[in-house]
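Read off the chains here:
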Amino acid sequence: MGPAPPQDVSSERMTLLLNHEIANVMTAMRYNKWAVVGRGYYEEDRNEPGKFDEAFRQLRAEIYKQSDWSMVDPKLYLDPFLALIKASDVSGPITGAAAVALQRILTSDLITPTTKNAAAAINQVVEDATQCKFESTNNAQDEVVLLNIVQVLHTAVECPAGVLLEDASLCKAFQAAFMLGDPVTKPKEYGDIMGYYSRQACGVIVRARFS
């Protein structure tokens, strides 16, 4: 197989964006693995690749082969981040790093209404974000992670591909954002900022549904 065709400036910018987000998340995973080993895992585990590492290594290799991101199924680059969002056996800081990466990807021009399989991709983002799971660290860090999940939902609705969200996805996003900010259901240790971001997200979702 010959070399990948040259990228234009816009495609190169998207490739560099993805590479940056991959690096951020892999750094978070490496730091977390070091911290866990330090708390008593077997020493030989220190050099064992995490089960999510390989997916990001493969993604990093794939992104440099692309020359036209509008023709690339977003699942290629979203799936590794979404897998972390849904994983119950990773710590909050890793989940948070994946959520921040998703926000940056969604606010770029990578996924637009004309992108290949954009509708399936943006609906999957909402579906997986509403199923977020992670290992609790402490109340302050957990709240930051959940704030980032609310922001993912907010961004998914507001981004260019948000017009492709189905009613069922909008309802799930609204319910999740509302529950996280509801003063009755949210943990009492969380501050008012969660309620603020929740209300902002709910307002965006309602406008998207009824505009």
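In this report, we go over the structure that sits alongside the text.

Calculation criteria
- Position labels on residues start from 1 in each chain and follow its written sequence.
- Since the coordinates come from a predicted model, pLDDT governs what is reported: local features require at least 70, and pairs of side-chain atoms require 80 or more to be given and counted, while whole-chain, interface and lining totals use all residues.
- Heavy atoms throughout the structure, all of them, feed into the side-chain values; hydrogens and water do not.
- Every helix listed is a DSSP run of H or I at least four residues long, and every strand listed is a run of E at least two residues long, numbered separately from the N terminus.
- Only protein chains enter the accessibility calculation, which uses a 1.4 Å probe; a residue whose area is less than 20% of its type maximum is buried, one above 50% is exposed, and one in between is partly exposed.
- The contact criterion used is simple: two residues touch if any of their non-hydrogen atoms lie within 4.5 Å.
- Only the protein chains shown count as cover for residues, with accessible areas throughout obtained via the Shrake-Rupley method and a probe of 1.4 Å.
- For the purposes of this section, nonpolar cores are sets of buried Ala, Val, Leu, Ile, Met, Phe, Trp, Tyr and Cys residues that join through side-chain atoms within 4.5 Å.
- Classification of ring pairs rests on two measures: the distance between centres of Phe, Tyr or Trp rings, Trp counted by its six-membered ring, which must be within 6.5 Å, and the angle between planes, read as stacked under 30 degrees, edge-to-face over 60 and tilted in between.
- The rule for a charge over a ring is simple: NZ of Lys or CZ of Arg within 6 Å of the ring centre, and within 35 degrees of the ring normal.
- For patch building, the residue pool is restricted to those with more than 30% relative accessible area and no salt bridge; the joining distance is 9 Å between like charges and 5 Å between nonpolar side chains (Val, Leu, Ile, Met, Phe, Trp, Tyr).
- For salt bridges, the criterion is a side-chain nitrogen of Lys or Arg within 4 Å of an Asp or Glu carboxyl oxygen.
- For helices, the axis comes from a line fit to the C-alpha atoms of the stretch in contact; other axes are also lines fit to C-alpha atoms, and the angle between any two N-to-C directions lies between 0 and 180 degrees.
- An angle below 35 degrees is treated as roughly parallel, one above 145 as roughly antiparallel, one from 65 to 115 as roughly perpendicular, and anything else as oblique.
- Two helices cross in a left-handed way if the nearer one is turned anticlockwise from the farther one by less than a right angle. They cross in a right-handed way if the turn is clockwise.
- Three residue categories are used. Nonpolar comprises Ala, Val, Leu, Ile, Met, Phe, Trp, Tyr, Cys and Pro, charged comprises Asp, Glu, Lys and Arg, and polar comprises the others, including Gly.

Broken down by element type, the protein carries eight helices and zero strands. Each helix (α) and strand (β) of the protein, taken in turn from the N terminus, gives the series α-α-α-α-α-α-α-α. Across the 211 residues of the protein, 45% fall into the buried class. Look at the contacts in the protein between residues 6 or more apart in sequence, and 78% of them connect residues 24 or more apart. For the protein, the computed accessible surface area is about 11200 Å², with 55% contributed by carbon and sulfur atoms.

Next up on the list: the nonpolar core. Residues Y77, L78, F81 and L84 are the most contacted members of the largest nonpolar core, which totals 50 residues. Broken down by secondary-structure element, the contributors of at least two residues to this core are α1 (9-38), α2 (53-63), α3 (75-86), α4 (92-107), α5 (118-129), α6 (139-158), α7 (167-181) and α8 (192-210). Per-element accounting of this core gives the leading share, eight residues, to α4. Apart from the residues lying within four places of it in its own chain, the contact partners of L84 are V25, M29, F52, F56, V90, I94, T95, A98 and K133. Counting residues in hydrophobic clusters, the runner-up holds nine residues, among them L147, A177, A201 and C202.

A full pass over the atoms with the stated rule returns four aromatic pairs. Between F56 and F81, the aromatic rings sit 5.1 Å apart at their centres with planes inclined by 80°, giving edge-to-face as the arrangement. Here F56 is found in helix α2, whereas its partner F81 is found in helix α3, with 25 residues between them in sequence. In this structure F56 comes out as buried when scored by relative accessible area, which is 0%. Ring centres of W69 and Y77 lie 5.6 Å apart, and the angle between their planes is 80°; this geometry places the pair in the edge-to-face category. You'll find W69 and Y77 in the same group, each marked buried. One residue, R209, lies across the ring of F210, its end atom 5.2 Å from the ring centre.

Residues F174, F178, M179, V206 and F210 make up a contiguous nonpolar surface patch of roughly 490 Å² in combined accessible area. By residue number, the principal contributor to the nonpolar patch is α7, which donates three residues. By secondary structure assignment, the location of F210 is in helix α8.

Quick look at the packing of α5 against α6 now. Two elements in contact, α5 and α6, have axes separated by 10 Å at closest approach and are oriented at 160°. In terms of orientation, α5 and α6 fall into the roughly antiparallel class. Crossing hand, α5 versus α6: left-handed. When α5 is examined against α6, the residues I122, V125, V126 and A129 are found in contact with a partner set consisting of I149, V152, L153 and A156. Per-class residue counts for the contact of α5 with α6 are eight nonpolar, no polar and no charged.

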